[in-house]
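Understanding the architecture of this molecule
Here is how the chains run, residue by residue.
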Amino acid sequence: MALEAGLLEILACPACHSALKEQDGAQDTEGTELVCTGQECALAYPVRDGIPVLLVDEARRPL
């Protein structure tokens, strides 16, 4: 399920406040993720049932 375009414009990474982009999840995860565009951060936040879970503790670290 895709997120509304307007929603992505107002959301930001809670860790570094950079913009987020939507992408398909990693092979070991399901669904969509919101990935931080910050070079040093790059955390991937899960989207569960169409709701972004923007908690740093729930984010996946980059590989």
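The present account deals with the structure reproduced in this document. All values reported here derive from a predicted model rather than from experimental measurement. Per chain, residues are indexed from 1 in the order of the written sequence. Confidence filtering applies because this is a predicted model: local features only for residues at pLDDT of at least 70, side-chain atom pairs given and counted only at 80 or more, and all residues used for totals across whole chains, interfaces and linings. Side-chain metrics rest on all non-hydrogen atoms present in the structure, leaving aside hydrogens and water.

**Looking at the nonpolar core**
- To qualify as a nonpolar core, a set must consist of buried Ala, Val, Leu, Ile, Met, Phe, Trp, Tyr and Cys residues joined through side-chain atoms within 4.5 Å. Throughout this description, buried means an accessible area under 20% of the type-specific maximum (1.4 Å probe, protein chains only), exposed means over 50%, and partly exposed covers the range between. Grouped together as the largest cluster of nonpolar side chains are 11 residues: Leu3, Leu11, Cys13, Leu20, Leu34, Cys36, Cys41, Leu43, Tyr45, Val47 and Ala59.
- The way it works is that DSSP assigns letters per residue, a run of H or I at least four long becomes a helix, a run of E at least two long becomes a strand, and they are numbered from the N terminus. Counting residues per element, the ones that place at least two in this core are β2 (32-36) and β3 (44-48).

**Quick notes on the environment of Ala15**
- Here Ala15 shows up in the loop between α1 (5-10) and β1 (20-24).
- Note on Ala15: relative accessible area 43%, which makes it partly exposed.
- Sequence separation of Ala15 and Leu43 is 28 residues, and the distance between their C-alpha atoms is 8.5 Å.

**Topic: the sheet that holds β3**
- Two strands are said to pair when DSSP picks up at least two bridges between them. Pairing is antiparallel across the open sheet formed by four strands, whose spatial order is β1-β2-β3-β4. What marks the edges here is a single partner per strand, and that holds for β1 and β4 (51-52).
- Two elements, β2 and β3, share three bridges in a ladder whose sense is antiparallel. Counted as the bridge partner of Leu34 is Tyr45 from β3.

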